[in-house]
Each structure stands twice: as structure tokens, then as C-alpha cells.
Amino acid sequence: MTDPAENWRPPTHLSVLVTDLSIEDGETPPPEIGEIGEFPLLFQEFPTDPADPSIVTLRAVAEPLHSGKPTRQQPGTDEQWWDWAVLLRGAGWTATWYTRRPALGQVEITGRLIGDLAYATTGRIRGRITRVRVAADRYHRDPEIPHSPWKQIPGTRYREVTTAPRFFAGGTRTTDPDAPNDGVREMGVLVDLDLTDVSPPPLRPSIVPGAVSAHGTDLWVVDRELPLVVRVDSDRQVIEYTITGQIFDNPPAVRTRRVWAHAGGCWVAGWDGIYHCNLDGTADKVSDEPIRDSAAHGEVLLAVAVPSRNAAELVLVRPDQDPESSSASGWGDLESMCTVDDGFLLLFRQRDVSTGALGATRLVRVDVHGIATLGPPLNTAVDSYRPFLAGIPPTVFDGTNAYRVLDDLTVVDAVALPVRVLGGGQIGDVMWIVGHPSDGTGRGGWWPLPGRPTYTTEHQYWLFTLLDAHTREPISSTPIRSSQPDVTMDGAGTVWVAATPRGLHAIPDQTMTEPLLLDVADLLDRSRTHG
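Draft legend 1. The arrangement of the overall build of the protein in detail. Counting its regular elements, the protein contains 3 helices and 39 strands. Against the globule reference of 24 Å for 531 residues, the protein gives a C-alpha radius of gyration of 25 Å, in line with a compact fold. Taken over the C-alpha atoms alone, the protein extends approximately 70 × 60 × 50 Å along its principal axes. Taking all 531 residues of the protein together, the buried fraction comes to 47%. Accessible surface for the protein amounts to roughly 26200 Å². Of this, 50% is attributable to carbon and sulfur atoms. Within the protein, the 70 negative side-chain charges are centred at a point lying 4 Å from the centre of the 46 positive side-chain charges.

Draft legend 2. Highlighting the nonpolar core. Core analysis: the biggest nonpolar cluster contains 31 residues, and Leu88, Trp93, Leu113, Ile125, Val189 and Leu193 have the highest contact counts within it. Among the secondary structure elements, those contributing two or more residues to this core are β1 (13-19), β2 (36-45), β3 (56-64), β5 (81-90), β6 (93-99), β7 (105-115), β8 (123-140) and β11 (182-194). Those residues in contact with leucine 88 that sit more than four places away from it in its chain are Phe43, Ala60, Val61, Ala62, Trp93, Thr94, Ala95, Trp97, Val107 and Ile109. Val230, Val232, Ala498 and Leu518 belong to the second largest nonpolar core, which has 18 residues in total.

Draft legend 3. Quick peek at the pattern of salt bridges. Applying the stated criterion across every chain yields a total of 27 salt bridges. Notably, a salt bridge pairs glutamate 240 with arginine 528, separated by 2.8 Å at the nearest N-O pair. With glutamate 240 in strand β15 (residues 238-242) and arginine 528 in helix α3 (residues 520-530), this residue pair connects regions lying 288 residues apart in the sequence. Assessed through its relative accessible area of 31%, glutamate 240 is described here as partly exposed.

Draft legend 4. Representation of the environment of alanine 120 within the structure. Relative to the helices and strands, alanine 120 is located in the loop between β7 and β8. According to the relative accessible area criterion, alanine 120 is buried, its value standing at 15%. Counting along the chain gives 393 residues from alanine 120 to threonine 513, while the straight-line C-alpha distance between them is 33 Å. In this view, alanine 120 contacts Leu42 and Tyr98; residues no more than four positions away in its chain are not counted.

Draft legend 5. Region of the structure containing the sheet that holds strand β20 (residues 291-297). What the 4 strands build is an open sheet, ordered β20-β21-β22-β23; its pairing is antiparallel. The sheet is open, and its two edges are formed by β20 and β23 (324-327), each paired on a single side. The average undirected angle you get between the axes of adjacent strands in this sheet is 20 degrees. Relative to β23, strand β22 (residues 313-317) is paired through 4 bridges, and the arrangement is antiparallel. Residue leucine 314 lies in a different strand from β23, and its bridge partner there is serine 326.

Draft legend 6. Looking closely at the sheet that holds strand β37 (residues 495-498). An order of β36-β37-β38-β39 is seen for the 4 strands of this open sheet, with the pairing classed as antiparallel. Unpaired on one side and paired on the other, β36 (486-489) and β39 (516-518) mark the two borders of the sheet. Neighbour-to-neighbour, the strand axes of the sheet open up by a mean angle of 30 degrees, direction not taken into account. As paired elements, strand β38 (residues 504-506) and β39 share 3 bridges and run antiparallel to each other. Bridge pairing links leucine 504 to leucine 518 in β39.

Draft legend 7. Structural context of the pairing of strand β25 (residues 343-351). The element β25 is largely enclosed, with a buried count of 7 among its 9 residues. Bridge count between strand β24 (residues 333-340) and β25: 7 bridges; the pairing is antiparallel. In the sheet register, cysteine 338 faces β25, and the bridge partner there is leucine 345. Adjacent in sequence and paired antiparallel, β24 and β25 are bridged by 2 residues. In this structure, β25 lies alongside strand β26 (residues 358-367), joined through 8 bridges in antiparallel fashion.

Draft legend 8. Seen up close, the packing of aromatic side chains. Under the criterion given, the structure shown has 5 aromatic pairs. Ring centres of tryptophan 220 and tyrosine 241 lie 5.4 Å apart, and the angle between their planes is 40 degrees; this geometry places the pair in the tilted category. Within this pair, whereas tryptophan 220 is found in strand β13 (residues 218-223), its partner tyrosine 241 is found in strand β15, the two being separated by 21 residues in sequence. Measuring from centroid to centroid gives 5.9 Å for tryptophan 432 and phenylalanine 464, while their planes differ by 25 degrees, and the two rings are stacked. Separated by 32 residues along the polypeptide, tryptophan 432 in strand β33 (residues 430-435) and phenylalanine 464 in strand β34 (residues 462-468) bring together distant segments of the chain. Among the residues examined, phenylalanine 464 registers a relative accessible area of 0% and is labelled buried. Between arginine 100 and the ring centre of tryptophan 81, over which it is positioned, the NZ or CZ distance is 4.0 Å.

Draft legend 9. The pairing of β2, seen in detail. Of the pairings in the sheet, the one linking β2 to β8 comprises 6 bridges and is antiparallel in character. Considered in β8, the bridge of glutamate 38 is made with arginine 126. Bridge count between β2 and β7: 5 bridges; the pairing is antiparallel. Within β7, the residue paired with phenylalanine 43 across the bridge is leucine 113.

Draft legend 10. Region of the structure containing the side chain of serine 482. Position of serine 482 relative to the elements: it lies in the loop between β35 (474-480) and β36. At 3.1 Å, the side chain of serine 482 forms a polar contact with the backbone nitrogen of glutamine 484. Dropping the residues within four chain positions of it, serine 482 is found in contact with Val434, Trp462 and Ala499.

Draft legend 11. Just the environment of arginine 101, in detail. Relative to the helices and strands, arginine 101 resides in the loop between β6 and β7. Residue classification places arginine 101 among the partly exposed residues on the basis of a relative accessible area of 41%. For the pair arginine 101 and aspartate 83, spaced 18 residues apart in sequence, the C-alpha separation works out to 6.9 Å. The contact partners of arginine 101, leaving out residues within four places of it in the chain, are Glu45 and Trp84. One polar contact links arginine 101 to glutamate 45, side chain to side chain, over a distance of 3.0 Å.

What counts, and at which threshold
- Residues numbered from 1 in each chain as written.
- Predicted model: local features only at pLDDT ≥ 70, side-chain atom pairs only at ≥ 80, totals over all residues.
- Heavy atoms only, no water.
- Helix = DSSP H or I, 4+ residues; strand = E, 2+ residues; numbered from the N terminus.
- Rg over C-alpha atoms; globule rule 2.2 N^0.38 Å.
- Buried < 20%, exposed > 50% of the residue type's maximum accessible area, 1.4 Å probe, protein only.
- Areas by Shrake-Rupley, 256 points an atom, 1.4 Å probe, with all protein chains shown as cover.
- Lys, Arg positive; Asp, Glu negative; His and termini not counted.
- Charge placed at Lys NZ, Arg CZ, Asp CG, Glu CD.
- Core = buried A, V, L, I, M, F, W, Y, C linked by side-chain atoms within 4.5 Å.
- Contact = heavy atoms within 4.5 Å.
- Salt bridge = Lys/Arg side-chain N within 4 Å of Asp/Glu carboxyl O.
- Pairing = 2+ DSSP bridges.
- Axes fitted to C-alpha atoms, helices over the stretch in contact; angles between N-to-C directions.
- Phe/Tyr/Trp six-rings, centres within 6.5 Å; stacked < 30°, edge-to-face > 60°.
- Lys NZ or Arg CZ within 6 Å of the ring centre and 35° of its normal.
- Polar contact = N/O pair within 3.5 Å; in protein donor to acceptor, adjacent residues only side chain to side chain.

See below:
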């Protein structure tokens, strides 16, 4: 008798449910029939349902992630559980699976392949798009109860389209006037992929800029995954540094390392330690401590290390000196840090390790000698996903709120930005922010633009805006291709951002003008070829 496993062949066509969030956020271009689609991939178990084309049965090899250790999930309800992060390797795809039962080796699983935001998964799939359908969950409300809430009911509806929408219908809505108590909520698109009708993926550039820092006319750039740093001078000559660091195949964050240039070279600080690149082309390792974030005050670097869970240390380093460490445990998670006149300012926020619930926030001032002053818990809640410090005087920007920092490390209400932004920071006397392009609605209107933009493009972009750090008046706004750029300013006053897979973008003076590309990968290739 033939073993059924011997007759099984891996599928060459697969369906992926691409979430509305990943498309609306801009990370995933709207899938279009005939184009090549590439998606970060999750797997989620569902019961077999022959009527639902998004639910498939697959075979894969299960490999443990996170050293095979489980994580307790407690989403704020009475329910809690442990799950394991597992990487599934299939034929032409990989997916992260958060499973309540441990798994290893060859497995057969039933559920959905979900195209999600990249931070949520280490998996990926690539294929030619042959079909696109808008997916909508079904809802019902009790006609006998006035204003009864919508409740999801079994079954997903699919609507054929050629190209996925850029934005989806928000909330639950009725589609049939004769059935006012039945509704749908769009939650993404089901994309059919042909895994065989694709050319090989493009070669990785010799350097993928992850962070940038300038001193004078020199630009220092560190790769996002590789332990590679390059220095580009004003003549566009390149010096290449290979540090003895880790290759991040699956980076633990969008930015694995930061660079901080000064007159004598450049600091490199990241998840694999601290390094110093010298002007003579050599590089030294300074510390093995994993660094969450860092900032530089001249040649002095302050880094926040996280040697283990719920532990933190301040690490202060100077060129040619041993690092000085002091405990920062009990302060919470570092959310933001910046330089101030007399040193550094840091923002910490407590977080429950079991539930993720946010707790007290406090500010810490550290001088250039490493002496820390711990502020009291702030009397205002800081509850946005990514608060940041910027402005003159220093200000905590927290979603639609803002708080000016006082000398005693307490805060008072400040004038908030007119619109919610995704992030920001400061370089010299200039503050920068990045966010979605304004659509003219809401309390901010077209801000930070003076009015409806004339700029048009087929590609998704985010709005990068320079502001006067004192007044917060917009200086210029530029379309860029990343929602989390790294930013620096050179000695000539040019602002550079690391927001492209091959190089850097120079921010132009004129609002809504395409930034100018400096192809660092091409410069490095030429340097390697010609010596």
C-alpha cells in the first residue's frame, strides 16, 4: 500500500490573506493582478472550511524561534495562555506561527496564510498575483434590541477586484437595504499567488543603509543587517569598515544599530554591542552589551544596554577609555532619548511584562560624566505607541498631546502638533517628524503643508517634515519611502535620511520635491572594483 505522504506534492499556487492594516499603513503596496507580490507571512490556525478559499491545509517543517521558549499571553481579559513562536518552512514560503501547542519537524496544518506587517513575522512569500478579492467578515445585530452591537458571525465574503484598494471601508456597514441588521467589515484582500511564475529575487545591494550620521562633510552609514560601516567623504570616496559584529538574518528591530559621528571617527551601537571606527580605517569593539538605543554629545556616547529581561544599564564611553556602567533597572523601558545642553535626556516607561499594560513614565537626565538624575513619575499618562523627545525646550510628544520638560524633570502641558505623527526627533536647531500625508480633513487640515499638494506618485510615501525646533513652524515637507527614517545633518546644513534600500536621500529646500539620491551601494561597489 502506498503511503499517502509519498503522493503528496507541494502546492505551486497559494492564497494569502493580506491585512487591511499592512496596506493602509503603506508597508505593502496594494496587490494588483499580474504583478509580483511579496508579503511578510504569518500562519493562523482555523478549522477546515471548504466554502472559504482562504483556509488551506499545508505541510511544512516547524522550527523553534526565540530559543524555543514560550511566552505568556494575557490580552487584558480573564483568559491567558502560553504560546510558542515557530517558523514554518514550506515549498517557496516561510511563515511565523504562534501556536498554543509546541511543534517541531514535519507538520500538517490547516488555517490561513496572512500577509501582515513585517515586525510581526520572520516569514515571507513571493509570487505572481493571479487573483485579488476584497475580503469582508460578516456581522449581525439583534433587531429586537435597539442600538444592539454588531457581532461577528461565521462566513467571509469575497469580492473580485483587479487591484486592491489603498484604503478599506472602515467599520461595519450594511450592504442590503432589505437587511439592515446584517453587515460586513472589510479586513483585507485574498491574493492568489503563482509561486513558479516569478523571476529570481533581485540581488541584495552591497549595503542596505540602516542608520546615518554626519560630521563635517563626512557621512557614516551602517548596514541594516550586516556588520558593515562605510565612510563617504565630500569627494564621494568610500572607506569600508567591517566590524566583528553579528549578521542579523531576522533583525530584532527596524534599526539594529545606530551610528554617531564625531571628529575622531564614529561610534556604532546596537544589539550586538558597541564599536568605534577610527579615521585610519580600523575598528575596535568596546562593549558586548546589547544596546537598545544611544545618543552622542560630541565624542561622548551614552547607550542604554539591556543585558537581560527587566534589566537595564547606562553605558558611557569616550574614545580610548574603558566604558563606565551604572544600573538603570527599575526605571522601565527606554522610549526615547536625546541630547541637551549639559548632556542627555531619557524617557522611560513602565510596562507589565505579563500583560503589556503601560505604567508610570519618568524622565532621567544624565550629564557627560555619567551622573544620572532620576525624575519623579510623571503626573500625566504617556500612552501612545511611540512617544519621542524633541524641541527647544525639550518636549515629550505623545500622540496628540505634548508636555514641556521642566528643570525638575516634571512636565507641563504644551501646544501639541496639529496632527498625529508616527515619529520624530531633532538635529541641532531643527526638529523633524514623519507621518502619513494629510488629506485636508480633521483639526489639522493640510498641516504641515500650506494646502492641497500638487505632488502625485504611484508609489506609497510618507511625509517627512522639518520644523523650527523653537516655534514648530514647518520649514519644508518631503515625500520619502520609509515611515521610520534615520536622520542627520552635515556641516553644510544638508539633511540626510536613511530611507531607501540602496542609499541616502538629501532633503531639498523646496516643499514636496523628490529627495536627491546618494547611491551608497554604487559608491561601495565602485570602491571595491577599483580599489
